[in-house]
Structures are given as C-alpha cells and as structure tokens.
Amino acid sequence: MTVLAIENFYQEGSRVTVTAVVDEMRLLYRSTRFDPEEWAPALCQTSFELDPEEPIPLDEDGFCAYLDHLDPQWQLVDTSDE
C-alpha cells in the first residue's frame, strides 16, 4: 500500500497512531468477466511501536515513505457519518 497523505499523527511514549489516506484500500468495483476489480484510496488508521534506533522523518513525504517501508496493518476508518 502507498501512503498518499498524513491526516493525523499521535505519539504516546513509543506507541504511534497514524491516520492517513492510503492508496488501493477501498474496493470501488468488483471484477467482472471483462474487467478487473478496481480499488481507490481511503482514510485508514494504524498503530505501531517505534524502533528507538530508527529516526522518524519530520516532513510529510519522508514520513509517508517511512510508513510505506514499514508496511503496517492499515484499518479502514468509518467515514459514513461525515
């Protein structure tokens, strides 16, 4: 998955929670006999423990690349009430 933009970042000790727009997380169309399934970006959240030996980039592009490399388990954020 590719992180496109960071929406929120929260750190408590070594635990980090990130809300971001992640590419190819929401199914738009199921596959048909003639066309493959199509996926779109979606708002997602993940939490993980920081590695104290690895610095975190402070700019958004660098942090997106850091998350891409980390490859955490993203969960869709329910935006149905918005």
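See the structure above.
Residues numbered from 1 in each chain as written. Predicted model: local features only at pLDDT ≥ 70, side-chain atom pairs only at ≥ 80, totals over all residues. Heavy atoms only, no water.

1. As for the nonpolar core
In step 1: Counting 16 residues, the largest nonpolar core has Val3, Ile6, Val18, Leu67 and Trp74 as its most contacted members.
In step 2: Where this core is concerned, the elements lending two or more residues are strand E1 (3-12), strand E2 (15-29), strand E3 (38-49) and helix H1 (60-70).
In step 3: Ranked by the residues each element gives to this core, the list is headed by E2, at five residues. (Core = buried A, V, L, I, M, F, W, Y, C linked by side-chain atoms within 4.5 Å. Buried < 20%, exposed > 50% of the residue type's maximum accessible area, 1.4 Å probe, protein only. Helix = DSSP H or I, 4+ residues; strand = E, 2+ residues; numbered from the N terminus.)

2. Quick look at H1
In step 1: Every buried residue belonging to H1 is among Gly62, Phe63, Cys64, Tyr66 and Leu67, and all of these are buried.
In step 2: Packing partners of the buried residues in H1 comprise E1, E2 and E3.
In step 3: Asp71 sits one or two positions beyond H1 and adopts a positive phi of about 50°. (Contact = heavy atoms within 4.5 Å.)

3. Some remarks on the pairing of E3
Where a strand is regular, its side chains alternate between the two sheet faces.
In step 1: In the sheet, E2 pairs with E3 via 11 bridges, with the strands oriented antiparallel. Considered in E3, the bridge of Val22 is made with Ala42. (Pairing = 2+ DSSP bridges.)

4. A word on the sheet that holds E2
Sheet strands pair via backbone hydrogen bonds, and the direction of the pair is either parallel or antiparallel.
In step 1: Overall, antiparallel pairing links the four strands, which are arranged E1-E2-E3-E4 in an open sheet. The strands lining the two open edges of the sheet, one partner per strand, are E1 and strand E4 (75-76).
In step 2: In terms of strand pairing, E3 meets E4 through two bridges, oriented antiparallel. Residue pairing in the sheet places Cys44 in a bridge with Leu76 of E4.
In step 3: Here H1 sits on the sheet in contact with E1, E2 and E3, set at roughly 85° to E1. (Axes fitted to C-alpha atoms, helices over the stretch in contact; angles between N-to-C directions.)

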